[in-house]
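A closer look at the structure
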Amino acid sequence: MTESLSPVKVAALYHFAVVDDPAALRLQILALCEEHHLKGTILLAHEGINGTIAGASVDIDAVIDGLRALPLFNGLEVKYSEASTMPFLRMKVRLKKEIVSMGVEGVDAATQQGNYVDPADWNDLIADPDTVVIDTRNGYEVAIGSFDGAINPDTKSFRDFPAWFDEFSEQLRQTESKQPKIAMFCTGGIRCEKATAYVKAQGFDDVHHLKGGILKYLEHVPEAESMWQGDCFLFDQRVAVGHGLQESDYGQCYACRMPLNVADRASPDYVPGEACPHCIDQRSDEQRARYRERQRQVEQAAEEGRQHLGTA
């Protein structure tokens, strides 16, 4: 495909569904993406599909249409944004046990999820003092932005969420005179959707989640009306976006994954690819040596005009 001067179109997608034969579907979806010269990663499991793909606008649209033409995925949730350069190196379609890893058997997000809340209605829900608002993302994501007043579980992985909620739910049962109204959100909607299924399985019925996640909210809610504060962390080379899905000025530490603002990157504790102010004292000499060698390879690849495989 000839490189275009136009921005790259990025589509973050997911849908929970009962997939009987993910392996057969994998080949079909990979062929569709390769036909349209896309790059990115798609995960397939018995519980559904999840991924982020990038390419020319016409090709992204064709692939999304092709996925939605499959009966299993006609309700596919998609968030669009743009990147100034291609954020991925290659196209991968992978088979997984879960499309978003919670590590708990029997969570049925395809049929037992909470109530969808459109971005236009989200402000009213979370402004209600009787609503318990929970950010289901990891601590390093929450560090650069969240909704005002949201509870931060401060997890390192989504797999930590069930244990956190089990403990938190005991507090809810002891302090709430009636069953609370719970509202949850995440980056694109997938983690909070699965989290609502888990929370409902624990006996809470008044459970809601932001349809399309933070990305859909930032895309559709005007900044003047927004209750979002800060930026939204992404799992690609853009690192973060703000209102209108505009790329924010963040880098990322390879060692600890923390997003780095201008002040972080100006710190004497910031060594590109090796350490940052958040982890300078948390890594062994052996680890830092390994990170240093990787960074040397990345810089060498850049000098030679190629992309290092580990940066995709």
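Here's what I pulled together on the structure shown here. (Residues numbered from 1 in each chain as written. Predicted model: local features only at pLDDT ≥ 70, side-chain atom pairs only at ≥ 80, totals over all residues. Heavy atoms only, no water.)

A short note on the overall build of the protein chain
Summing up its helical and strand segments, the protein chain has nine helices and 15 strands in all. Relative to the 2.2 N^0.38 estimate, which gives 20 Å for 312 residues, the radius of gyration of the protein chain is 20 Å and therefore close to what a compact globule would have. Taken along its principal axes, the extent of the C-alpha atoms in the protein chain is 65 × 50 × 40 Å. Residue burial in the protein chain is summarised as follows: out of 312 residues, 51% are buried. Restricting the contact set of the protein chain to residue pairs at least 6 apart, pairs at least 24 apart contribute 67%. Counting only carbon and sulfur atoms, one obtains 47% of the accessible surface of the protein chain, whose full area is about 15,200 Å². Charge centroids of the protein chain, computed over 31 positive and 48 negative side chains, lie 6 Å from each other. (Helix = DSSP H or I, 4+ residues; strand = E, 2+ residues; numbered from the N terminus. Rg over C-alpha atoms; globule rule 2.2 N^0.38 Å. Buried < 20%, exposed > 50% of the residue type's maximum accessible area, 1.4 Å probe, protein only. Contact = heavy atoms within 4.5 Å. Areas by Shrake-Rupley, 256 points an atom, 1.4 Å probe, with all protein chains shown as cover. Lys, Arg positive; Asp, Glu negative; His and termini not counted. Charge placed at Lys NZ, Arg CZ, Asp CG, Glu CD.)

Section: the sheet that holds strand E7 (residues 131-135)
What the four strands build is an open sheet, ordered E6-E10-E9-E7; its pairing is parallel. Of all strands in the sheet, those with a lone pairing partner are strand E6 (115-117) and E7, marking the two edges. Taken over all neighbouring pairs, the strand axes of this sheet differ in orientation by 30 degrees on average, direction set aside. As paired elements, E7 and strand E9 (residues 181-185) share five bridges and run parallel to each other. The partner of Val133 across the bridge, within E9, is Ala183. Sheet contacts for helix H3 (residues 119-127): E6, E7, E9 and strand E10 (207-210); angle to E9, the most-contacted strand, approximately 135 degrees. (Pairing = 2+ DSSP bridges. Axes fitted to C-alpha atoms, helices over the stretch in contact; angles between N-to-C directions.)

These figures capture arrangement, not role.
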